[in-house]
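# Survey of secondary and tertiary structure
Here are the chains, one letter per residue:
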Amino acid sequence: MTSAAKIRSFHPPQRILMGPGPSDMHPRVQNALGQPVIGHLDPAFVGMMEELKDLLRYAFQTKNALTFPVSGPGSVGMETCFVNLVEPGDKVIVCRNGVFGGRMIENVERCGGVAVVVEDAWGAPVDPNKLEDALRAHPDAKVVAFVQAETSTGALSDARTLAGIARQRGALTIVDAVTSLGGSKLQVDAWGIDAVYSGSQKCLSCTPGLSPVTFSERAVERVKARKKKCQSWFMDLSLVLEYWNAPGGKRTYHHTAPINALYGLHESLVLLREEGIENAWTRHRHHHLALKAGLEAMGLAFLVREDARLPQLNAVFVPEGIDEAAVRMRLLNDFNLEIGAGLGPLAGKIWRFGLMGHSCKIENVMLCLSALGSALADLGHPVDLGHGEAAAHDVYASHHAADASARKRMELKRA
Ligand SMILES: *Cc1c(COP(=O)(O)O)cnc(C)c1O
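By convention here, each chain's residues receive numbers from 1 onward along its written sequence. The predicted origin of the model limits local features to residues at a pLDDT of at least 70 and limits the giving and counting of side-chain atom pairs to 80 or more, whereas totals for whole chains, interfaces and linings rest on all residues. As a rule here, side-chain values come from all non-hydrogen atoms in the structure, and water together with hydrogens is ignored.

Let us look at the site of the ligand. A molecule or strand has a residue near it when one of that residue's heavy atoms lies within 4 Å. The immediate surroundings of the ligand are formed by P73, G74, S75, F100, V147, A149, T151, D176, V178, T179, Q201 and K202. Between N or O atoms, a polar contact is any pair within 3.5 Å; within protein, one atom must be a potential hydrogen donor and the other a potential acceptor, and residues adjacent in sequence are included only when both atoms are from side chains. Within the side chain of S75, an N or O atom sits 2.5 Å from an oxygen atom of the ligand. One nitrogen or oxygen atom from the side chain of D176 is found 2.6 Å from a nitrogen atom belonging to the ligand. Using a 1.4 Å probe, the Shrake-Rupley method yields the accessible areas, and only the shown protein chains count as cover for residues. When the ligand sits alone it has 380 Å² of accessible area, and the protein chains cover 89% of it. Only Asp, Glu, Lys and Arg are considered charged, only Ala, Val, Leu, Ile, Met, Phe, Trp, Tyr, Cys and Pro nonpolar, and every remaining residue, Gly among them, polar. A per-class count over the shell around the ligand returns five nonpolar, five polar and two charged.

Written out as structure tokens, the structure is:
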């Protein structure tokens, strides 16, 4: 007998997810995931797929026909963009200001492309002037790639300006919106972006393993004009489309879709639609301001300068002399609260507090500040217990006051 005989059903602990993703799932999404499996060519399923594409167009703010969820995590969405849009020998300008820009370079090179790297410091947004300079020095660049929301640092780059510069110089854009979709303003059509990939488990608060993507007409033309077949069979858009975008609805088998995960994504997008995407952006910003006030009242400093901070990913420096891993373990063990550590050069130096999707709410902000104060005090760091919560409270109170006066103005207008 092997030890496998002793294994019983797995029951995960109940956690509160305030790290860099995954985020907490809404109960309605969890319920959707548990619905019965049906065939991936079942007419009922096909109807759901059509709705899913429309809901994704709403989330991306686009009319792009080629909009669907790739079966795979954000990394597969990333790779789908690169393997289809980069041919051997193509020059690609990649803006790197953290982990994920680095992965883009890796993708370009594995496609046989030539990466021209525009570097910015970890924690800084991408500098549009550097992109201009790079495009001037490399007018033959076919693609510009950058990360809108760098989850490794919490920096938000100006996707609209960067995409505008690329378009002016005739380059296609590939944008990583894994952490931004549903949390920060993103307008694919208005900003003229050509290829975008995202993820299901960050601000969409669905199960991990799906990557919504969208491609402009220009991007589709580029794929059709390829001289060489895409090196990936699984990610080749011309083949995947026979399933997701078949003409006349005559879908054929490509791979078995992750049926239940897609039910979940459909429900999380219905939730986004019900809330309204602008309201979702505002909610992320409001709770970020409360968390920020609380963290700063506890003496913690942000990594990213104020005008480039992501509301959904708050990176702060670990105070001198504190064992950052011990704090995270305490939060997890005593409060069931998960936060993120630093990556690469920021390992051991920062904590990353996520406020993504369904995790982005007042009870999480308050619990987080309270738990962090408690953990820091236990580990001997001088911290004024309760100051963080009080500062966050003040921010919420001022939002409530602003909301009440806005309501009054509306009522007066109507009267
Ligand atoms: C999480 C993340 C990814 C990768 O997504 P996975 O689902 O983990 O593969 C890519 N880019 C950014 C900015 C991310 O935050």
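Between Lys or Arg on one side and Asp or Glu on the other, a salt bridge is scored when a side-chain nitrogen of the former is within 4 Å of a carboxyl oxygen of the latter. Applying the stated rule across the entire model yields 22 salt bridges. Across the pair E267 and R28 runs a salt bridge whose closest N-O atoms are separated by 2.7 Å. Of this pair, E267 sits in helix α9 (residues 259-275) while R28 sits in helix α1 (residues 27-33), placing them 239 residues apart in sequence. Residue class for E267 comes out buried when judged on its relative accessible area of 17%. The salt bridge partner of E106 is R110, with a shortest N-O separation of 2.8 Å. One end of the pair is E106 and the other is R110, both in helix α4 (residues 99-110) and four residues apart, which spans about a single turn. The exposure class of E106 is partly exposed, given its relative accessible area of 37%. Each residue is placed in one exposure class: buried if its accessible area under a 1.4 Å probe, protein chains only, is under 20% of its type's maximum, exposed if it is over 50%, and partly exposed if it falls in between. Residue class for R110 comes out exposed when judged on its relative accessible area of 63%. Starting at the N terminus, helices and strands are each numbered in turn, a helix being any DSSP run of H or I of at least four residues and a strand any DSSP run of E of at least two.

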